[in-house]
Amino acid sequence: MNEKVKDFQLLDRYTELTIISTVRDRTLVEHELLARGRDHEEWREKCLRRELEKIRTDQLFHSSFTRSKSGSGSSSAVAGVPGIGKTTMVQKIVHDWATGKIYQHFQFVFSFKFRDLNTINCRVTLRELILDQYPYFKNVLGEVWKNPEGLLLIFDGLDEFKGRIDFADSRRDTEPNHKCLDPEWWCEVSDIVYSLIQHKLLPGCSVLVTTRPTALHLLEKAEISVRAEILGFVGEERKEYFTRYFEDKSVAAAVFKHVKENEILYTMSYNPSYCWILSLTLGPFFTQIHRDPQRVPKTITQLHCYFIYNILKNHGREFESLREVLLRHGQMAFTGVAEKKIVFTDGDLIKYNLQPSQFLSGFLMELLEREDSAQSVVYTFPHLTIQEFVAALAQFLTVDPGNIVKFLSEVHSTTDGRFEVFLRFVAGLSSPRAAWILEEFLGKFPHQTICRVIDWVKEEVQRQIRNAGSEYGQRRLLNTMHYLFESQNPAVAQQTLGSVGTLSFSELGLTPIDCAVLSHVIRLCDTIKRLNLTSCHIQCEGLQRLGPALHKCQDLRLGGNDLGDSGVKLVSAALRNPDCKIQRQGPKQSFQYLVSALSTNPSLMELNLTHNSLTGRCVPALRRLILNHPSLKRIM
């Protein structure tokens, strides 16, 4: 299953990211999959209306966004969720500077990873930090210090730094033990970074810091001139990534078409790391003849099954006990999920009787860490969801079927969300369509486990239906609907939701993935007649995902969602569906579109127009609607 791809250089593969000139003030979810940029469409529209500017990488220090004058030095911070492209952006900045494309006023650029700085457990000088990575500067650093305006220092991954940096703590400015005013002074690494960002050390130099949103609070009191956030790929940028990945443009077009037509996969593709997994996994389905289009992955479980299958097929022959090695690997992954651990050491490999190998390298990336003068190797999964999937696979295949329900209930009871995607994968593995490809190497999946996982999903959905009266209960119910989606089992959905007539998620923020899952469930269950999504912040993109199911509802409530004209047109399209069952509708905007659609909808019985500031121009259309509509009985 080897698709034909280019041997890429950074310049060939790099696709411009959307970076916005502010950091969103809402709390961002940490998990890559759950940290969906639900506001992408809103922020894109703001950019188009020039309410919010998009920043290019060459504008972080030399633009209207910074409060400092060009050449006087400034500190910039760029935030982004895991996998969004922060480190790749740093590499591109260094590349473009080295080739003379950007920041020509900088004479020197030094880039550091906080992960490497963690290994330094003694006092050090800025000089030593630089020479450790750039030893050829030994005889010229004295000249570098003389012109700090020509110097850019980059620190990547503040969220990974183990040292303490508190910009609200004034002791670093007053206590001699913490002061770092000279590049030759021996200081803690945290004091050096602090002093550079605050312009105490080498005033006039520029500093760039990248971080996940979880560490942004550390920079609240820092002297930061530019605060920006990477949104990832927006609009055509997603398509460009696939075009650059595949040498064959027809394959690129086919893969992107499949991704765009699939709500879950397309929503994932805002994140460059997911685009890589999508390209690697989906490519073979469009480069080989005689492929069954029904086998193309449509859920994240199916996607990861094929991703792991590729590794097993390409590297698994070096082991006789392939299943056993994979399961040990999965047990280590599960421990990591349970302990929120994403970096593993040689000690972890020994604990689970694993040896570095070509097979293991298919799952784990090796990273060099410096410790004093020596280097050590640590390991991490290419993506958190890969770690979670391998963990789910191991538990599915090893937990005694008699204990699987108890096990799932225990991990589901945690309230911090660490097992949320793990459980989606477990539910997804109960689907024969997801698991069949792996049985070639792992053998048949235990029938008893499959049955009991399905039973657990049923029980959990029914339990959350009973508890859906609170916001917390609604969120839990929505999460269990993700289990239904991943299991791809229509019978289970119909059995569990067959008695439900109303779904209400009012004032619960829904992502486009949530909307896609909700649409899937509604299409399977004919009993759901009333849907209340008031003030769910779904916006136009979320409404697009809901579109295929809206016509099945008799009572549809969508107020307070900033749908705009495009969104109202989508609702109108649902109303025109010949199978439309909508009897009650509360429109908010673009009245002319709705009246046209409502006039062709025979099921409509009630029209709620409150809080809509209708103008006098609406009256004639309303009068015609009342006189000519066959079933409309009430207008409010």
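Computed from a prediction, not measured in an experiment: that's the story for all the values here. (Residues numbered from 1 in each chain as written. Predicted model: local features only at pLDDT ≥ 70, side-chain atom pairs only at ≥ 80, totals over all residues. Heavy atoms only, no water.)

Asks: What's the story with the side chain of E486 in this structure? I'm lost.
Replies: One can find E486 in helix α23 (residues 471-487). Lacking a salt bridge, the buried E486 has R424 as its closest oppositely charged neighbour, with an N-O distance of 6.7 Å. Here T301 takes part through its side chain, which lies 2.6 Å from a polar atom of the side chain of E486. With near-sequence residues (within four places) excluded, E486 lies in contact with T299, I300, T301, R424, G428 and S431. (Helix = DSSP H or I, 4+ residues; strand = E, 2+ residues; numbered from the N terminus. Buried < 20%, exposed > 50% of the residue type's maximum accessible area, 1.4 Å probe, protein only. Lys, Arg positive; Asp, Glu negative; His and termini not counted. Salt bridge = Lys/Arg side-chain N within 4 Å of Asp/Glu carboxyl O. Polar contact = N/O pair within 3.5 Å; in protein donor to acceptor, adjacent residues only side chain to side chain. Contact = heavy atoms within 4.5 Å.)

Asks: Teacher, can you tell me more about the pattern of salt bridges here?
Replies: Should their charged atoms come close, side chains of opposite charge can pair. Under the criterion given, the structure shown has 16 salt bridges. In this structure, K92 and D96 form a salt bridge, with 2.7 Å as the shortest nitrogen-oxygen distance. With K92 and D96 both in helix α3 (residues 86-98), this residue pair falls four residues apart, about one helical turn. Each member of the pair, K92 together with D96, is buried. A salt bridge links K341 to D348, with the nearest nitrogen and oxygen atoms 3.0 Å apart. Residue classification places K341 among the partly exposed positions, given a relative accessible area of 26%. A relative accessible area of 11% means that D348 is categorised as buried.

Asks: Where do I start with the packing of aromatic side chains in this structure?
Replies: We describe a pair of aromatic rings using the distance from one ring centre to the other and the angle between the two ring planes. Summed over the entire model, instances satisfying the criterion amount to 31 aromatic pairs. Ring plane angle 85° and centroid distance 6.0 Å describe the contact between F61 and F106, whose orientation is recorded as edge-to-face. You can see F61 sitting in the loop between β2 (54-55) and β3 (75-79) and its partner F106 sitting in the loop between α3 and β4 (108-113), a full 45 residues away along the chain. On the numbers, 6.4 Å between centres and 0° between planes, the contact of F108 with F110 is stacked. Taken together, the ring pairs connect Y241, F242, Y245, F246, F256 and Y266 into an aromatic cluster. The ring of Y266 has R238 sitting right over it, with the charged end atom 4.4 Å from the ring centre. R295 extends its terminal NZ or CZ atom over the ring of W436, reaching a point 4.0 Å from the ring centre. (Phe/Tyr/Trp six-rings, centres within 6.5 Å; stacked < 30°, edge-to-face > 60°. Lys NZ or Arg CZ within 6 Å of the ring centre and 35° of its normal.)

Asks: Just to check I follow, could you spell out the state of the cysteines for this structure?
Replies: In protein structure, a disulfide is the covalent linkage between the sulfur atoms of two cysteines. Per the stated rule, a full pass over the model turns up zero disulfides. In this structure C187 is not part of a disulfide, and its nearest cysteine sulfur, from C180, lies 3.1 Å away. On the basis of relative accessibility, which here comes to 1%, the residue C187 falls in the buried class. (Disulfide = S-S within 2.5 Å.)

Asks: Would you mind showing me how to read the environment of V521 here?
Replies: Within the secondary structure, V521 is located in helix α25 (residues 512-524). V521 sits in the buried class, given a relative accessible area of 0%. On a C-alpha basis, the gap between V521 and H482 in space is 9.3 Å, while along the polypeptide they are 39 residues apart. Those residues within four positions of V521 in sequence are excluded, and the remaining contacts are M481, L484, L497 and I528.

Asks: Looking at this structure, I do not really get the packing of helix α22 (residues 447-466) against helix α24 (residues 490-497). What am I missing?
Replies: The angle between the axes and the distance between the axes are what describe a pair of packed helices. Running from N to C, α22 and α24 point in directions that differ by 30°, and their axes come no closer than 9 Å. Our classification of the angle between α22 and α24 gives roughly parallel. The way α22 lies across α24 gives a crossing that is right-handed. The residues of α24 that touch α22, namely those facing I454, V457, K458, V461, Q462 and I465, are V492, Q495, T496 and L497. Among the residues forming the contact of α22 with α24, the class breakdown is six nonpolar, three polar and one charged. (Axes fitted to C-alpha atoms, helices over the stretch in contact; angles between N-to-C directions. Parallel < 35°, antiparallel > 145°, perpendicular 65-115°, else oblique. Left-handed = near helix turned anticlockwise from the far one by under 90°. Nonpolar A, V, L, I, M, F, W, Y, C, P; charged D, E, K, R; others polar.)

Asks: Would you take a moment to explain the packing of helix α14 (residues 322-338) against helix α17 (residues 384-398) for this structure?
Replies: At a minimum axis distance of 7 Å, the contact between α14 and α17 shows a crossing angle of 120°. Relative to α17, α14 is oriented so that their crossing is left-handed. Judged by residue contacts, R323, L326, L327, H329, G330, Q331, A333, F334, G336 and V337 of α14 engage Q387, E388, V390, A391, L393, A394, Q395, L397 and T398 from α17. Grouping the amino acids of the contact of α14 with α17 by side-chain chemistry returns 10 nonpolar, seven polar and two charged.

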